[in-house]
Amino acid sequence: KAGVTQTPRYLIKTRGQQVTLSCSPISGHRSVSWYQQTPGQGLQFLFEYFSETQRNKGNFPGRFSGRQFSNSRSEMNVSTLELGDSALYLCASSSQVDEQYFGPGTRLTVT
Amino acid sequence: GESVGLHLPTLSVQEGDNSIINCAYSNSASDYFIWYKQESGKGPQFIIDIRSNMDKRQGQRVTVLLNKTVKHLSLQIAATQPGDSAVYFCAENEAGGFKTIFGAGTRLFVKA
């Protein structure tokens, strides 16, 4: 069974731009969670989706948004990028929100 | 607010010794706890979990202990191997919260 895939793996953007990251969960998994990982703040929860519904979100500004499609694939969007948004963005899928399987992440660099 | 933290940010052990990684949590409503291992350049990998109705759970070479009285979680790795070198995160879920909170992480170095 294929694991969680994230695209792109690496991305360089300029301040003020917007970015969309994609996550394909493990087949059959309907829950997708997103996390931001930085050296200073560690792994921080962004949001969780299940069957196209956002069930919870973390303490991030409204510039961070996401969605989930009917095939459980998910995207997250960050608008008006800031330097502090540089991070590894991780996606995780699970059949429920318990044992999560993580993708390799998307490394976003904002210059 | 909710938080999950670690007592020791770095742990260095000799190959073959046992490792113990500790974690404190603050949310009394959390009912599910997980340990993840993250190697360089990879996403976190599930190691072992435990629910709040248990105080101990064993896997292959790993044991998780949960002390709800003092809100403490620990991961024990038996016969630590060089391949165990990684960053270890504890994490907690609140019942029905659909949200996982991660601790700061502990880097484990295994000396050959």
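Our subject is the structure that appears above.
What you see is a predicted model, and the numbers here were worked out from it, not measured in a lab.

Caption draft 1: Just the overall build of chain B, in detail. Broken down by element type, chain B carries zero helices and 11 strands. Overall, chain B shows an N-to-C arrangement of helices and strands of β-β-β-β-β-β-β-β-β-β-β. The globule rule puts the C-alpha radius of gyration for 112 residues at 13 Å, and the 13 Å found for chain B is close to it. Over its C-alpha atoms, taken along the principal directions, chain B stretches across nearly 40 × 30 × 20 Å. Counting the 112 residues in chain B, one finds 45% classified as buried. For chain B, long-range pairs separated by at least 24 residues make up 53% of all intrachain contacts whose partners lie at least 6 apart in sequence. Of the accessible surface of chain B, which amounts to about 5,400 Å², a share of 47% is contributed by carbon and sulfur atoms. On chain B, the mean spot of the 11 positive side-chain charges and the mean spot of the 10 negative ones are 2 Å from each other.

Caption draft 2: Looking closely at the state of the cysteines. Applying the stated criterion across every chain yields a total of two disulfides over all chains. The disulfide bridge from A:C23 ends at A:C91, spanning 1.7 Å between sulfur atoms. What sets the handedness of the A:C23 and A:C91 disulfide is the S-S torsion sign, and at about -55° it is left-handed. Residue A:C23 is found in strand β3 (residues 19–24), and its partner A:C91 is found in strand β9 (residues 87–94); the two are separated by 68 residues along the sequence. Taking relative accessible area as the criterion, A:C23 reaches 0% and is therefore assigned buried. Paired through a disulfide, B:C23 and B:C90 show a sulfur-sulfur distance of 1.9 Å. Torsion about the S-S bond of the B:C23 and B:C90 cystine: about 60°, corresponding to right-handed handedness. With B:C23 in strand β3 (residues 19–25) and B:C90 in strand β9 (residues 86–94), this residue pair connects regions lying 67 residues apart in the sequence.

Caption draft 3: How the structure looks around the layout of surface pockets. Quantified by volume, the largest pocket comes out at close to 560 Å³. If you go around the largest pocket, you meet 26 residues; those closest to its centre are A:Q37, A:R107, B:Q38, B:V87 and B:R107. For the lining of the largest pocket, a count of residues per class yields nine nonpolar, 12 polar and five charged.

Caption draft 4: Quick look at the pairing of strand β6 (residues 53–57) of chain A. Residues and elements named next belong to chain A. Inspection of the sheet shows strand β5 (residues 42–50) paired to β6 by four bridges, in the antiparallel sense. Across the sheet, residue E48 finds its bridge partner in β6, namely N56. Connecting β5 to the antiparallel partner β6 that follows it, the hairpin turn spans two residues, and S51 within it adopts a positive phi of roughly 50°.

Caption draft 5: Looking closely at the nonpolar core. Judged by nonpolar contacts, the single largest core of 21 residues is most densely connected at A:W34, A:L46, A:F64, A:M76 and A:Y89. If you list the elements that add at least two residues to this core, you get β3, β4 (31–38), β5, β8 (74–78), β9 and β11 (106–110) of chain A. Leave out the neighbours within four places in its chain, and A:M76 touches A:V19, A:T20, A:L21, A:W34, A:L46, A:F47, A:F64, A:S65, A:G66 and A:Y89. Counting 20 residues, the second-largest nonpolar core is a separate cluster that includes B:V13, B:Y25, B:F33 and B:A86.

Caption draft 6: Fine view of the interface of chain A and chain B. Counting from both sides, the interface comprises 18 residues of chain A and, opposite them, 15 residues of chain B. Scanning the region where chain A abuts chain B turns up zero salt bridges. Summed over the shared surface of chain A and chain B, the result is four residue pairs in polar contact (both at pLDDT 80 or more). Sorting the residues of the side of chain A that touches chain B by element identifies β4, β5, β6 and β9 of chain A as the ones contributing at least two each.

Conventions used here
Within every chain, residues take consecutive numbers counted from 1 along the sequence as written. Key to labels: chains lettered from A, ligands numbered from 1, both in the order written. Side-chain atom pairs in this predicted model are given and counted only at pLDDT of 80 or more, local residue features only at pLDDT of at least 70, and totals for whole chains, interfaces and linings cover all residues. Calculation of side-chain values draws on the structure's entire complement of heavy atoms; hydrogens and water are dropped beforehand. Helix and strand assignments follow DSSP, with helices taken as H or I runs no shorter than four residues and strands as E runs no shorter than two, numbered in order from the N terminus. In this setup the radius of gyration rests on C-alpha atoms only. A globule is expected at 2.2 Å times the number of residues raised to 0.38. A simple rule labels every residue: compare its accessible area, found with a 1.4 Å probe on the protein chains alone, to the largest value its type can have, and call it buried under 20%, exposed over 50%, or partly exposed in between. Residue contacts follow a heavy-atom distance rule, with two residues in contact if any of their heavy atoms lie within 4.5 Å. What sets the accessible areas is the Shrake-Rupley method with a 1.4 Å probe; for residues, cover comes only from the shown protein chains. We treat Lys and Arg as the positive residues and Asp and Glu as the negative residues; His and chain ends play no part in the count. For this purpose, a charge sits on NZ of Lys, CZ of Arg, CG of Asp or CD of Glu. When two cysteine sulfur atoms are found within 2.5 Å, that pair is recorded as a disulfide. A cavity, in this analysis, means grid points on a 1 Å lattice covering only the protein atoms where a 1.4 Å probe fits yet has no way out; a pocket is instead an open set bounded by protein on both sides within 12 Å along at least five of seven lines, and a residue lines either one if it has an atom within 4 Å of a point. Grid points are joined across faces, edges and corners, and a volume is the space filled by probe spheres set on the points. Note on residue categories: nonpolar means Ala, Val, Leu, Ile, Met, Phe, Trp, Tyr, Cys or Pro, charged means Asp, Glu, Lys or Arg, and polar means any other residue, Gly included. Pairing between two strands is assigned when DSSP locates at least 2 bridges connecting them. Residues enter a nonpolar core if they are buried and are Ala, Val, Leu, Ile, Met, Phe, Trp, Tyr or Cys, with the set joined through side-chain atoms within 4.5 Å. Salt bridges, as used here, are contacts in which a Lys or Arg side-chain nitrogen is within 4 Å of a carboxyl oxygen on Asp or Glu. Throughout this description, a polar contact denotes any pair of N or O atoms lying within 3.5 Å of each other; where both atoms belong to protein, one of them has to be capable of donating a hydrogen while the other can accept it, and for residues adjacent in sequence the pair is counted only when both atoms sit in side chains.

Everything listed here is a matter of coordinates, which is why it stays silent on function.
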